[in-house]
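A look at the structure
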Amino acid sequence: MFQTKNSKRLSTRTILFRVLLVIFVLESVNELFAIFGPYKSVQYHLLESLMLVLSSGPVIWFTIARPLKRYSEEQVVAESEKNRLLSLMESTLESTADGIVVFDKDMNISIYNRQYCKMWRVPESLAEKKSANCINDSIRSKLINPDEFNGHTCHLFDCPTSVYHDVLHLKDGRVIERDCTPQSVDGEVVGRVSCYRDITERVQAQKAIAESESRFRQIFEQSADAIFLLDPVSMSVIDLNKVAVNMFNYEKNELLNRPPDFLFSPEECRAMCEQTVQGDIDLGYWVDILRARRKDGGEMFISVRCRRIELADQQVLLCTIRDISGRVRAEEENRAIESKLIQANKMTSLGVLVAGIAHEINNPNNYIMVSSEILSKAWNDVKPILTEHQQLHGDFDMGGVSFDIMQHEIPELLDNITDGSRRIKNIVNGLKEFAREGRKGMREDLDLNKVIHLATVMINHQIRRFTNQFIVETDPDLPLVTGNSQQIEQVLINLILNALQSLSGTECQVRLASYYDAATRMVCIEVSDQGCGIDDDISGKILDPFFTTRLDKGGTGLGLSISNSIISDHKGTLSFRSSPAGTTFFICIPVSRTHNNEVLQNAQ
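Residues numbered from 1 in each chain as written. Predicted model: local features only at pLDDT ≥ 70, side-chain atom pairs only at ≥ 80, totals over all residues. Heavy atoms only, no water.

Digging into the side chain of Asp-166
Applicable threshold: Strands here mean DSSP runs of E at least two residues long; helices mean DSSP runs of H or I at least four residues long; both are numbered from the N terminus. What qualifies as a polar contact is a pair of N or O atoms within 3.5 Å, subject to a donor-acceptor requirement within protein and to the restriction that residues adjacent in sequence count only when both atoms come from side chains.
Secondary-structure assignment places Asp-166 in strand β3 (residues 164–169). Within the local environment of Asp-166, its side chain forms a polar contact with the side chain of Arg-178, the two groups lying 2.8 Å apart.

Focus on the pattern of salt bridges
The cut-off we apply is this: Just to be clear on terms, a salt bridge is a Lys or Arg side-chain nitrogen sitting within 4 Å of an Asp or Glu carboxyl oxygen. Partly exposed residues are those whose accessible area sits between 20% and 50% of the maximum for their type, while under 20% is buried and over 50% is exposed, using a 1.4 Å probe and protein chains only.
One pass over the full model with this rule turns up 15 salt bridges. Notably, a salt bridge pairs Arg-294 with Asp-323, separated by 3.9 Å at the nearest N-O pair. Placement of the pair is Arg-294 in the loop between β8 (285–293) and β9 (299–311) and Asp-323 in strand β10 (residues 314–323), with a sequence separation of 29 residues. Looking at Asp-323, the relative accessible area reads 36%, which means it is partly exposed. Arg-511 serves as the salt-bridge partner of Glu-526, at 3.4 Å between the closest nitrogen and oxygen. Highlighted residues: Glu-526 in strand β17 (residues 522–529) and Arg-511 in strand β16 (residues 509–517), separated in sequence by 15 residues. Here Arg-511 falls in the partly exposed class, since its relative accessible area comes to 24%.

So, the environment of Phe-396
Selection criterion: The contact rule is simple, with two residues in contact once any of their heavy atoms fall within 4.5 Å.
Summarising the element assignment, Phe-396 is placed in the loop between α11 (325–393) and β11 (397–398). Using a relative accessible area of 19% as the deciding quantity, one classes Phe-396 as buried. For the pair Phe-396 and Leu-386, spaced 10 residues apart in the sequence, the C-alpha separation amounts to 9.5 Å. Those residues in contact with Phe-396 that lie beyond four places of it in its chain are Leu-386, His-389, Gln-390, Val-401, Ser-402 and Phe-403.

Re unusual backbone geometry
Peptide bonds are mostly trans, and most non-glycine residues show a negative phi. In the Ramachandran plot, Arg-121 falls in the positive-phi region, its phi being about 55 degrees despite a non-glycine side chain. Along the chain, Arg-121 falls in the loop between α3 (114–120) and α4 (124–128). On the basis of relative accessibility, which here comes to 53%, the residue Arg-121 falls in the exposed class. In this model, Asn-257 sits at a positive phi of 60 degrees, which is unusual for a non-glycine residue. When you line up the elements, Asn-257 lands in the loop between α9 (252–255) and α10 (266–278).

Points about the packing of helix α13 (residues 448–458) against helix α15 (residues 485–501)
Quick reminder of the rule: Axis lines are fitted through C-alpha atoms, for helices just across the contact stretch, and the angle between N-to-C directions can take any value from 0 to 180 degrees. Each angle is binned into one of four classes, with values under 35 degrees roughly parallel, values over 145 roughly antiparallel, values of 65 to 115 roughly perpendicular, and all other values oblique. Each crossing gets its hand from how the near helix is turned against the far one by less than a right angle, where anticlockwise is left-handed and clockwise is right-handed. Under the scheme applied here, ten amino acids are nonpolar (Ala, Val, Leu, Ile, Met, Phe, Trp, Tyr, Cys and Pro), four are charged (Asp, Glu, Lys and Arg), and all others, including Gly, are polar.
One can describe the packing of α13 onto α15 by two numbers: an axis separation of 9 Å at closest approach and a directional angle of 55 degrees. With respect to their mutual orientation, α13 and α15 come out oblique. Here the hand of the crossing between α13 and α15 comes out right-handed. Residue-level inspection shows Leu-448, Val-451, Ile-452, Leu-454, Ala-455, Thr-456 and Met-458 of α13 in contact with α15, the latter providing Ser-485, Ile-488, Glu-489, Leu-492, Ile-493 and Ile-496. Broken down by class, the residue content of the contact of α13 with α15 amounts to 10 nonpolar, 2 polar and 1 charged.

Quick notes on the environment of Leu-93
By the secondary structure assignment, Leu-93 is in helix α2 (residues 42–95). When its relative accessible area of 15% is taken as the criterion, Leu-93 is described as buried. Leu-93 sits 19 residues away from Tyr-112 along the chain, and the two C-alpha atoms are 7.9 Å apart. Those residues in contact with Leu-93 that sit more than four places away from it in its chain are Ile-100, Ile-111 and Asn-113.

Observations regarding the nonpolar core
Defined as follows: Only buried residues count toward a nonpolar core, which is a set of Ala, Val, Leu, Ile, Met, Phe, Trp, Tyr and Cys residues joined through side-chain atoms within 4.5 Å.
Leu-448, Leu-492, Leu-495, Ile-525, Val-527 and Ile-587 are the most contacted members of the largest nonpolar core, which totals 39 residues. Looking at this core, the elements that each hand over two or more residues are α13, α15, β16, β17, α16 (559–569) and β19 (582–590). Ranked by residues supplied to this core, first place goes to α15 with 9 residues. Dropping the residues within four chain positions of it, Leu-492 is found in contact with Val-451, Ile-452, Ala-455, Ile-525, Val-527 and Ile-587. Among the nonpolar cores identified, the runner-up in size contains 30 residues, and Ala-226, Val-245, Ala-271 and Leu-290 belong to it.

Structure representation (structure tokens):
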């Protein structure tokens, strides 16, 4: 609202009053001279004129001239202020992003800005005609529903004091918001002020947000998995879908605003929070098999995935849970069948081993053990005699070595023979232990370097038979993995035997190496050979069950297939690379969760 200074206006009545006042003063002075000056000489008239001038001048200045001058100055200041305010109003109207138009009572345009013409895409010459009907006809032609615009316009001028707000949709896709308010001067409505604002982008953004929220809600509710939205700080449940309610048999209000530690263990909740909030945003938290509890106390197996996402300008944890109880039961049944196949394959492998070493080791080893015991007893009996002979006749040779040396070496040699025999016995016992069926699914933290050592000891005689270039390179700082040592031994033995059987001579090399791949968090074992390689036409089939190229030599085609199943059961991968110069098999098994937790703690 603009305010101007009010100046005191000099009316005609005021000026006439002041002129009569001057005349009255002059006549009064003249009458005084007439009364007190009886002689009207020349000097008298000069004195009278001088007194009239001296008395009339100030009176005229203070009563007429000075007020007129002040009034003129105030008029100049008022006109300047008026021009300044009009300029300010005009610049304000032109600088706003809204289109503004003012109509008087007769529906004529009194004020408008260029943005108004630009918004409605009408020429300024049309607005300068001052007729609202002309410019409104142009506006109606651009609207989807012109009748609605007409009705609102008529209503606004029929009810001058009303305030109205509506939204206009244009044929070109734009959306314009209109606000219409009365224009009042000294409490009297003299017209209407209409303000138009282009809200197309805002409407489109609101529509996009609404569509996005609708899609998210549909996905959220129609997902086959249970979905929880968790607060990353308190781990309390913000929202959940119907599948989650049905899966755990709780009411929705029983699950809201509390951590889900009554569904699965508090330790898993803490691990979920730490790995999701503090870990990599792309990796999040993932557990393939986890035990959970329903409201009735029943247990179930679930798969949990949790990631940090942005939702409504805040970070939340999106936790999806899948009931995999049926899959776990099916896998248990499959593992039971697979266990029998593994056992059969182990028996086949043991058959080859036993045929080659049973008679070569057991009988000679028993003979060695018995003979070493007899020799030890005989040496204890004969040593005093030989010592006495030395004392009487001097030192003598035994097998080209003097008795003085041999009396100390022979007991050590006999002990070495006994110790070697016992080692051979331990190897045979290890074969027997390998032949026993281990408990399927038994998992423990393993050092794969020890597993490699046991596997090579088991088939050491086969290694010496096929190659003189067997190299073992192990990483001493290898992290632990979780698995079954007997099953991984079986895989290694099978791969090493295949590598040995592919060699063309004992000068060809077989290399066994272990290392840790930090990028994938996998412990890897390589079994490479300088054999004949695998043909391209069969490379895609060698992991299939019952596929073998040595059927005439007793091959069953189950070794690599079962090995692949064992490594897959350990959440790892079995792959290979082959060329005419040789083949390399890669076993990759994820590190244990204990190692991951230690890495996370060290990072913190």
